[in-house]
Amino acid sequence: MAPLTSDPTALPTPQPDLRVHVVGAGPVGLMLTALLQSIDGCSVHLYEKRREYTRTRMVQLAPYLVADSVESYRTDAIDGDSVEAIFDPPELDQGLAFRQSIPAELNTLLRNWALGFCPLNAIERSLSDLIDARGQTGLVRTAGVVSADDAVAMLEPGDVLIDSTGSRSLLRDHLVPGEVDEDANTVKIRLEYALVITFLYGRRYDCNEYCKYYKNIENVDYKFIPMVHRTHYDGSVSHVTGIVNISAEDYEAMPPRVDGVWLRANFPGVAQSMDRFIDKIKQETNGEILGDLDVVRIPLDLYRARNATSRLWLTAGRSDHPFGCSPVFLAGDSAIGSPYFQSISLGFECSMFLAGLLAQRDMPLREKLDRYELYIYKQWLRVYMRSKMIKHNKDLFESLDDPLALLEKLHIY
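Residue positions are given per chain, counting from 1 as you read along its sequence in written order. The predicted origin of the model limits local features to residues at a pLDDT of at least 70 and limits the giving and counting of side-chain atom pairs to 80 or more, whereas totals for whole chains, interfaces and linings rest on all residues. The side-chain values count all of the structure's non-hydrogen atoms but skip hydrogen atoms and water molecules.

**As for empty space enclosed by the protein**
Over the atoms a probe the size of a water molecule is rolled, and this reveals where empty space is left. Points on a 1 Å grid, built from protein atoms alone, make a cavity when a 1.4 Å probe fits but cannot get out and make a pocket when they are open with protein on both sides within 12 Å along at least 5 of 7 lines; residues with an atom within 4 Å of a point are the lining residues. Grid points are joined across faces, edges and corners, and a volume is the space filled by probe spheres set on the points. Considering all chains together, one arrives at one cavity of 30 Å³ or more under this definition. Counted as a void, the largest cavity has a volume near 40 Å³. Gly332, Ala335, Ile336, Leu346, Gly347, Cys350 and Ile376 are the residues that line the largest cavity. By residue number, the principal contributor to the lining of the largest cavity is helix H14 (residues 343-359), which donates three residues. Note on conventions: DSSP H or I runs of at least 4 residues are helices, E runs of at least 2 residues are strands, and numbering of each starts at the N terminus.

**Details of the layout of surface pockets**
Its volume calculated, the second largest pocket comes out at about 380 Å³. Looking at the lining of the second largest pocket, the elements that each hand over two or more residues are helix H4 (89-101), H14 and helix H15 (365-397). With seven residues, H4 is the single largest residue contributor to the lining of the second largest pocket. In the scheme used here, Gly and all other residues not listed as nonpolar or charged are polar, with Ala, Val, Leu, Ile, Met, Phe, Trp, Tyr, Cys and Pro taken as nonpolar and Asp, Glu, Lys and Arg as charged. For the lining of the second largest pocket, the class distribution of residues is 10 nonpolar, four polar and four charged.

**Details of the packing of aromatic side chains**
Side-chain rings of Phe, Tyr and Trp, where Trp is taken by its six-membered ring, are said to pair if the distance between their centres is within 6.5 Å; with planes under 30 degrees apart they count as stacked, over 60 as edge-to-face, and otherwise as tilted. Scanning the entire structure with this criterion turns up 12 aromatic pairs. Put simply, the rings of Phe87, Phe329, Phe353, Tyr372 and Tyr375 touch in pairs and so form one group of aromatic residues. The criterion for a charge sitting over a ring is simple: Lys NZ or Arg CZ within 6 Å of the ring centre, and within 35 degrees of the ring normal. Cation over ring: Arg297 sits above Tyr251, and NZ or CZ is 4.0 Å from the ring centre.

**Describing helix H5 (residues 104-113)**
Note on classification: 1.4 Å probe, protein chains only; a residue is buried when its accessible area is under 20% of the maximum for its type, exposed when over 50%, partly exposed between these limits. For H5, the set of buried residues is Leu106, Leu109, Leu110 and Trp113. End-on, the buried residues of H5 take up no more than an arc of 100 degrees, which puts them together on one face. In this structure, the buried side of H5 is in contact with helix H1 (27-36), strand E4 (118-119), helix H6 (120-134) and H14. Working definition: the arc comes from the directions between the helix axis and the C-beta atoms, pointing outward to the latter. It only takes one pair of heavy atoms within 4.5 Å for two residues to be counted as in contact.

**So, unusual backbone geometry**
Positioned with a positive phi, Asn286 is a non-glycine residue whose angle comes to about 55 degrees. By the secondary structure assignment, Asn286 is in the loop between helix H12 (268-285) and strand E12 (289-305). Phi is positive for Tyr413, which is not a glycine, with a value near 60 degrees. Within the secondary structure layout, Tyr413 lies in the segment after helix H16 (403-409).

Okay, structure coming up:
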């Protein structure tokens, strides 16, 4: 507690300006910048590799981002119980309180995005336009590639550096003093290999768990599993996205991105499973596929940074290095990545928490680092349990027509 002054008319000592460097201008970096702009005395320098937003994939924000009560925050059918078990009530209350302090124009954007689907680049453009429209003098935007050495060199004592550069984080492997080593600060779990297949369908199309099963009955080796509540409608056109589990050998034999023509010529088994699924959709709704399949092969990885801040540099007393004097935070996919739900929601969630921490100017630095580390770890537990449950349910789903295989995957008592 600060000492009391003997002069009741004395003005408080002005706090020093908060200088923040945000590296990476994807949705999380832009969200952080928009949040930090609202903090009195905070100046933000945003470093962006490009100012053109070209990613058009459809995303939908999780409802918990705009929750106005603890009950609505934990209504998710998959991880609602996990949230209640992992987070203490005061933590959830603090998060909700910060949401209520978000500027109205930013809060309106969040609520609109949570209503349905929109292209990722539309979110990025909206945030970028909002940042520029405020016209604040405390903001600098620099276009260009920033290296790890550049990030270290830009820091002055007391500056804050936030890495929001995504899954291939610029600084994650530099947060442990010593030689740069990915294994020293990254936990990675490979859940499976998959094809992410997207197509446009000329009718409104809905899918649930029953639909997934009955449309895959004849598919033995490959099953197309569309995302429930992840179908976007543009008038009468449906944007359908799903995954097909493949082997490591299949993965190695495929280019990173192919179309339906290539798939039918080189992996007819996968193509036939898709065609059967699509034919059954057509029988129900009398629609047609518009264009071709868009097929991307990916490893489905679950990962986290063991250290989401530069706390080890501070603990080691390394005042000879900028990370020992200036705190570094990982945000978004730089800190945690999950394959089964869109990590943009988790990135926004962590951005709100981090901005709320930085706004508490009288909180000691070590406490901020510790609180952010604990928060990220709890979010990791939430993501881990969610992802493992989804993976297990997928494994069960793929064995429904083989009782012996199904029983092998069940762990009862």
